[in-house]
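# Summary of the model geometry
If you want the building blocks of each chain, they are given just below.
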Amino acid sequence: MPLITILIPCYNEEQSLPALYEALCTICNPLQEVSSSNICEGITPPHQDSYSFEFLFINDGSIDDTLSIIKTLRTQDERVCYVDLSRNFGKENAMLAGFDFAKGDAVIIMDADLQHPPTLIPEMLRIWNNGEVQDVYARRKTRGHEPWLRKQFSLLFYRILDHATRFNVLQNVGDFRLLDKQAIYALRRLRETERYTKGMYCWIGFRKQEIEFEQQDRIAGNSKWNFISLLNLAIEGIISFTTAPLRLATYLGMLTALGAFVYGLYYFIKALFVGDPVAGFPTLIIVILLLGGIQLITIGIIGEYLGRIFNEVKHRPVYLAQEYNGERQYSIQDK
Ligand code: UDP
Ligand code: MG
């Protein structure tokens, strides 16, 4: 019977967890019962529809009662497993912890706030069961309520990424997906500190299939993202997946140099044939400011990459787990 891990990163989710657990039980319990189609004279049926489950919660350094709620759930239900990180490492890192500790033949990643409807789980499993695809991802049909500017930025971001990378970056697709063990093993090998997991799913390749869903509103608490953190994630996405901005800096430099040359030539010829009355203070200021601006942007871009190199060469573990199902953890970086 295939084991399915439901991977849920949690950061201060005490309000959502009980409802999430309820919803998971409602969906998963019927899937655990061995259906009659499975019992047929010792021959494994091509279409299995009974599974065992592991609900793997990653407590990402919550400062509320999230951990104790998970522990209580574990005393009642042995399917509940948990990893307790030593502090808040962020969702991207928490997910890597999940990939490392997941035991399932397939892993379904979900948010704790029920924005990802568990009702999609049977459909994902059905598609995975055919054995054709290693990644069943859910695409949001609508983006929900969102300020206009934020939406435009998001569209721009995807357009840039799409043009700048060699693989397809999927729009309106998040972490809600089912990944086969094969994809999980691939993801475990990507251990960079600066993580942009949404890009990694595309980078690792494998056969994918799409299903659609209506994104729900958060059932409780607040989203941990604001405009600035989303902007940061977007920069992270672009910088960690392509070196195109560096190329852009080169082009900008060449363009300004060419402009300056043409401009210089124009004044040289003008001085030769027309004479040159002293003027042009504003032009001078504008050129100095323009050049200064371009130089600063370029240094900024180089700095972004340099900063990442700095973080990667330290080879720090991406997260530190202090507890797994009540057991103390000591060394996880060799996992
Ligand atoms: N999360 C996490 N660590 C963090 C921030 C968020 O594990 O530092 C989890 C959070 O508990 C939730 C999921 O990541 O299960 C998505 O977070 P959120 O709902 O805040 O993001 P949004 O849905 O707005 O993208
Ligand atoms: Mg959410």
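No experiment lies behind these values; they were computed from the predicted model shown.

Further remarks concern the nonpolar core. Core analysis: the biggest nonpolar cluster contains 39 residues, and I6, F57, I108 and L125 have the highest contact counts within it. Among all residues touching I108, those that are not within four sequence positions of it are I4, T5, I6, L7, I121, M124, L125, F176, R177 and L178. Among the nonpolar cores identified, the runner-up in size contains 38 residues, and L96, I204, L233 and A234 belong to it.

This brings us to the packing of helix α8 (residues 227-241) against helix α10 (residues 281-313). When two helices pack together, their arrangement is given by the angle between the helix axes and the distance between those axes. Packing of α8 against α10 brings their axes to within 11 Å, and their N-to-C directions diverge by 80 degrees. In terms of orientation, α8 lies roughly perpendicular with respect to α10. Residue-level inspection shows I235, E236 and I239 of α8 in contact with α10, the latter providing E304, Y305 and R308. Here the residues of the contact of α8 with α10 sort into three nonpolar, no polar and three charged.

Following the criterion strictly, the structure yields seven aromatic pairs and no others. The interplanar angle of 55 degrees and the centroid separation of 6.4 Å between the aromatic rings of Y51 and F53 together place this pair among those described as tilted. We note that Y51, like F53, is buried. Residues Y266 and Y267 carry aromatic rings whose centres are separated by 5.1 Å and whose planes lie at 75 degrees to one another, so their mutual orientation is edge-to-face. Residue classification places Y267 among the partly exposed positions, given a relative accessible area of 32%. A cation over an aromatic ring shows up here: R87 above the ring of F89, its NZ or CZ 4.0 Å from the ring centre. Here the guanidinium or amino end of R177 rests over the ring plane of Y201, the centre of that ring lying 3.9 Å away.

A few words on the packing of helix α3 (residues 91-101) against helix α6 (residues 181-188). Look at α3 against α6: their axes get within 9 Å of each other, and the N-to-C directions meet at 125 degrees. As far as their axial angle goes, α6 and α3 are oblique. In terms of crossing hand, the pair formed by α3 and α6 is left-handed. For the pair α3 and α6, contact is made by L96, F99 and D100 and by I184, L187 and R188, respectively.

On the basis of which strands lie adjacent, the open sheet formed by nine strands has the order β7-β5-β6-β4-β1-β2-β3-β8-β9 and mixed pairing. Each edge of the open sheet is held by one strand with a lone partner, namely β7 (208-213) and β9 (327-328). Relative to strand β3 (residues 80-85), strand β2 (residues 52-59) runs parallel, the two sharing five bridges. Looking at β3, one finds that F55 is bridged to V80. Along the sheet face, helix α4 (residues 121-129) touches β1 (3-10), β2, β4 (106-109), β5 (135-140), β6 (173-180) and β7 and points at about 45 degrees away from the line of β6.

Moving on, we get to the environment of I63. Relative to the helices and strands, I63 is located in the loop between β2 and α2 (66-76). We classify I63 as exposed; its relative accessible area is 73%. Placed 24 residues apart in sequence, I63 and R87 show a C-alpha to C-alpha distance of 9.3 Å.

For the rest of this paragraph, the subject is the environment of C28. Take C28: it is sitting in helix α1 (residues 17-32). C28 sits in the buried class, given a relative accessible area of 0%. The spatial distance from the C-alpha of C28 to the C-alpha of P122 is 8.3 Å, given a sequence separation of 94 residues. Setting aside anything within four residues of it in sequence, one finds C28 in contact with F53, F55 and R79.

What follows concerns a nonpolar patch on the surface. Judged by side-chain polarity, W148, L149, F153, L156, I160, F227, I228, L231 and I235 come together as a nonpolar surface patch covering roughly 850 Å² of accessible area. Looking at the nonpolar patch element by element, the count peaks at five residues for helix α5 (residues 148-164). With respect to the helices, strands and loops of the structure, W148 is situated in helix α5. For W148, a relative accessible area of 64% gives the class exposed.

Within β2, seven of the eight residues are buried, which leaves the element mostly enclosed by the surrounding structure. In this sheet, β2 lies alongside β1 in parallel orientation, the contact comprising eight bridges. The residue of β2 that forms the bridge with I4 is F53. Taken together, β2, α2 and β3 constitute a β-α-β crossover, and its handedness is right-handed.

Parameters at a glance
- Residues numbered from 1 in each chain as written.
- Chains lettered and ligands numbered in written order.
- Predicted model: local features only at pLDDT ≥ 70, side-chain atom pairs only at ≥ 80, totals over all residues.
- Heavy atoms only, no water.
- Core = buried A, V, L, I, M, F, W, Y, C linked by side-chain atoms within 4.5 Å.
- Buried < 20%, exposed > 50% of the residue type's maximum accessible area, 1.4 Å probe, protein only.
- Contact = heavy atoms within 4.5 Å.
- Axes fitted to C-alpha atoms, helices over the stretch in contact; angles between N-to-C directions.
- Helix = DSSP H or I, 4+ residues; strand = E, 2+ residues; numbered from the N terminus.
- Parallel < 35°, antiparallel > 145°, perpendicular 65-115°, else oblique.
- Nonpolar A, V, L, I, M, F, W, Y, C, P; charged D, E, K, R; others polar.
- Phe/Tyr/Trp six-rings, centres within 6.5 Å; stacked < 30°, edge-to-face > 60°.
- Lys NZ or Arg CZ within 6 Å of the ring centre and 35° of its normal.
- Left-handed = near helix turned anticlockwise from the far one by under 90°.
- Pairing = 2+ DSSP bridges.
- Patch = residues over 30% accessible without salt bridge, like charges linked within 9 Å, V, L, I, M, F, W, Y side chains within 5 Å.
- Areas by Shrake-Rupley, 256 points an atom, 1.4 Å probe, with all protein chains shown as cover.
- Salt bridge = Lys/Arg side-chain N within 4 Å of Asp/Glu carboxyl O.
- Right-handed = clockwise from strand over helix to strand, strands pointing away.

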